[in-house]
Amino acid sequence: TTINFNRLINEVLPIIQQRAEQKGISLTTDVTKDITMHADGKRIKQILINLLTNAISYTPENGDVNLSITDEEENVHITVTDNGIGIDQEAIPRIFERFYRVDKARSRDTGGTGLGLAIVKHIVEVHDGKISVDSKLGEGSVFHVLLPKYDKTSP
Ligand code: ATP
Ligand code: MG
């Protein structure tokens, strides 16, 4: 099916916005024009929810989280940026593993299980996409997801 990112965001935002407000985090979105692609909306929504939930969970009160979606020639580029706790360079290769949580996060009140990013990675791979992260401890993180617009796994 054809999904429209503006519509997807309108469905995801109410859930996420509430979490952000509770922490005084400002959540902003940038979406260039009308972006559509061929994919399963439920799965793409899961990507957005998991990345945004992390950005909010691992950012201290009054921080900033941004979701940006841009239309690139063959891909849709999703970027989730936060100015939170950041991730140690040594931990970065492991955060996509199931049940892996960075030590400091483990003791936080977030109560996560360490599955969110493993699920995101799985969905991205099923769509022949790419995921990467740039992060600096104490400064913040930027997660990039590239999804090919044409998805052969979706009807
Ligand atoms: P779950 O998502 O299953 O509730 P979780 O958030 O701990 O639990 P993941 O989403 O897979 O699990 O993330 C794995 C780990 O990567 C987190 O525990 C955290 O240590 C680190 N992490 C993920 N996103 C961020 C981020 N935006 N900033 C800092 N650390 C992050
Ligand atoms: Mg998570």
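Scroll up for the structure.
All values reported here derive from a predicted model rather than from experimental measurement.

(A) Expanded view of the pairing of strand β6 (residues 130-136). The pairing of β6 with strand β7 (residues 140-148) spans seven bridges and is antiparallel. Paired with S135 across the bridge in β7 is S141. In textbook terms, the turn of a hairpin is the stretch between consecutive antiparallel strands, and for β6 and β7 this stretch comprises three residues, one of which, G138, has a positive phi near 80 degrees.

(B) Structural view of the sheet that holds β7. Taken in spatial order, the five strands line up as β2-β4-β5-β7-β6 in an open sheet, and their pairing is mixed. Edge strands, defined here as strands with exactly one partner in the open sheet, are β2 (26-31) and β6. Within this sheet the neighbouring strands show an average axis-to-axis angle of 10 degrees, counted without direction. Bridge count between β2 and strand β4 (residues 64-71): six bridges; the pairing is parallel. In the strand pairing of β4, V31 is matched with I69. Together, β2, β4 and β5 (75-82) form the strand contacts of helix α1 (residues 5-22), whose direction differs from that of β2 by roughly 170 degrees. In the packing of helix α2 (residues 41-57) onto the sheet, contacts are made with β2, β4, β5 and β7, and the angle to β4 comes to roughly 150 degrees.

(C) The environment of A91, seen in detail. Following the sequence through the fold, A91 ends up in the loop between β5 and α3 (103-106). In sequence terms A91 and R101 are ten residues apart; their C-alpha atoms lie 8.9 Å from each other. Not counting residues up to four positions away in its chain, the partners in contact with A91 are Y100 and V102.

What counts as what
Residues numbered from 1 in each chain as written. Chains lettered and ligands numbered in written order. Predicted model: local features only at pLDDT ≥ 70, side-chain atom pairs only at ≥ 80, totals over all residues. Heavy atoms only, no water. Pairing = 2+ DSSP bridges. Helix = DSSP H or I, 4+ residues; strand = E, 2+ residues; numbered from the N terminus. Axes fitted to C-alpha atoms, helices over the stretch in contact; angles between N-to-C directions. Contact = heavy atoms within 4.5 Å.

The values reported here are purely geometric and, on their own, carry no functional implication.
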